[in-house]
Amino acid sequence: MWNLAVEQLAHWQPGRKTAPGFVEQSRRLTEARAENPWLKSYSITRDRADRWHVAFPVAPEPVPAPGIGDVVGVDRGVVVSAALSTGELLSAPTLRDTEKARLLRLRRKLARARRGSNRRGKVKTAIARLKARETDRRKDWVEKIGTRPAREFDVIGVEHLKITNMTRSAKGTADAPGRGVRQKAGLNQGVLANGWGQLVTRLEQKAPGRVVKVDPRYTSQSCSACGAADRKARENEAAFRCRSCGFVANADVNAACDIRNAAGHAVAARGGPPLGGPANREPQHDLFLVG
Ligand SMILES: [Zn+2]
């Protein structure tokens, strides 16, 4: 099966354009599939970078829970890709500076290239290849990052986040005013760019039943040390300063701690053992659990 896949890949290198070839290959594969039902389960795709992929579905192995009752909160950061309640700040890889410069040059070229010209097609493919490289790096990153919380913590709290909803609510509502439209707009871009959704999906696969989703409405405004909700505590994109208890932290880490606290309370509310969270925390008046 693997050899077949490799053969397919080798056959379908970029530059091979003849459509009948693809049809022929598909036909042969369909025949092979009929003869070998266990081949029932692959897919062949071509991405925008003109690369062919043969994909076999492999569900990631769930990671066993450590069983020590620890909770971690993971927040998609404004400044970084993800912040953990442990204080760790994680940044998803992007293109290198030289690659970014090349991308810029290619985009200028594209703007000058005539529609429908060969040159335009080549430039487009080159751009897609650069972007695919970035996507690959990010997938790799998500893979590595997703495993550790699943292995080291029993419960992983994340924001319940629908990226489309977030985009829509950039200006905020009367209940939850936005933190600043410009800032939020940048965040939205970051959420999409940093593959937050991929990370959450991976966490759920690696820690099935151990991921708790927390309503994100107030997580960035509440003090994770005393629980006070204070819209002005988030001084800027990077710093959180509580005016009730004086707690100071990286704003993304504070939000991750809020998520950890809420996730711990959610588990306790379901009848589980009380997990994590500060002892002096007020009753949950500001965090609404949704999942
Ligand atoms: Zn406080």
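Every chain is numbered independently, its residues counted from 1 as its sequence is written. Side-chain atom pairs in this predicted model are given and counted only at pLDDT of 80 or more, local residue features only at pLDDT of at least 70, and totals for whole chains, interfaces and linings cover all residues. Hydrogens and water are ignored here; the side-chain numbers use all heavy atoms of the structure.

## Some remarks on the sheet that holds strand S4 (residues 82-84)
Then step 1. Here, strands pair whenever DSSP counts at least two bridges between them. The helix count covers DSSP runs of H or I at least four residues long, the strand count covers runs of E at least two residues long, and both are numbered beginning at the N terminus. Across the sheet, which stays open at both edges, the five strands sit in the order S5-S4-S3-S6-S7 with mixed pairing between neighbours. At either margin of the open sheet sits one strand with a lone partner, and together these are strand S5 (89-90) and strand S7 (211-214).

## With respect to the coordination of the zinc ion
Then step 1. Because water is not among the atoms used, a metal site may look incomplete, as its donors are only the N, O and S atoms within 2.8 Å, or 3.2 Å for Na, K and Ca. Around the zinc ion, the protein supplies Cys223 (SG), Cys226 (SG), Cys242 (SG) and Cys245 (SG) as donor atoms, at distances of 2.3 Å.
Then step 2. With four donor atoms in place around the zinc ion and angles of 106 to 112° between them, the coordination shape is tetrahedral.
Then step 3. Taken in chain order, the donor set of the zinc ion reads C-x2-C-x15-C-x2-C. You can see Cys223 sitting in the loop between S7 and strand S8 (239-241) and its partner Cys245 sitting in the loop between S8 and strand S9 (248-250), a full 22 residues away along the chain.
Then step 4. Using a 1.4 Å probe on the protein chains alone, a residue whose accessible area is under 20% of its type maximum counts as buried, one over 50% counts as exposed, and one in between counts as partly exposed. Cys223 sits in the buried class, given a relative accessible area of 0%. The rule is simple: four donors are tetrahedral if all their angles sit between 85 and 135 degrees, four are square planar and six octahedral if opposite donors span more than 155 degrees and the others lie between 65 and 115, and anything that fits none of that is irregular.

## Section: empty space enclosed by the protein
Then step 1. Cavities and pockets were defined on a 1 Å grid built from protein atoms only: a cavity is a group of points that admits a 1.4 Å probe but offers it no way out, a pocket is an open group of points flanked by protein on both sides within 12 Å along at least five of seven lines, and a lining residue is one with an atom within 4 Å of any such point. Grid points are joined across faces, edges and corners, and a volume is the space filled by probe spheres set on the points. By the definition in use, this model includes two cavities of 30 Å³ or more.
Then step 2. Along its surface, the largest cavity is lined by Val74, Leu84, Leu90, Ile145, Arg148, Pro149, Leu199 and Leu203.
Then step 3. Going through the elements one at a time, helix H4 (118-152) and helix H7 (196-206) are the ones with two or more residues in the lining of the largest cavity.
Then step 4. At three residues, H4 tops the list of elements feeding residues into the lining of the largest cavity.
Then step 5. Side-chain classes follow a simple rule in which Ala, Val, Leu, Ile, Met, Phe, Trp, Tyr, Cys and Pro form the nonpolar group, Asp, Glu, Lys and Arg form the charged group, and the remainder, Gly included, forms the polar group. Here the residues of the lining of the largest cavity sort into seven nonpolar, no polar and one charged.

## Notes on H7
Then step 1. Those residues of H7 lying buried are Trp196, Leu199, Val200, Leu203 and Lys206. Along H7, the residues classed as buried sweep out an arc of 130° about the axis, all on the same side. To be clear, the arc concerns the directions from the helix axis to the C-beta atoms.

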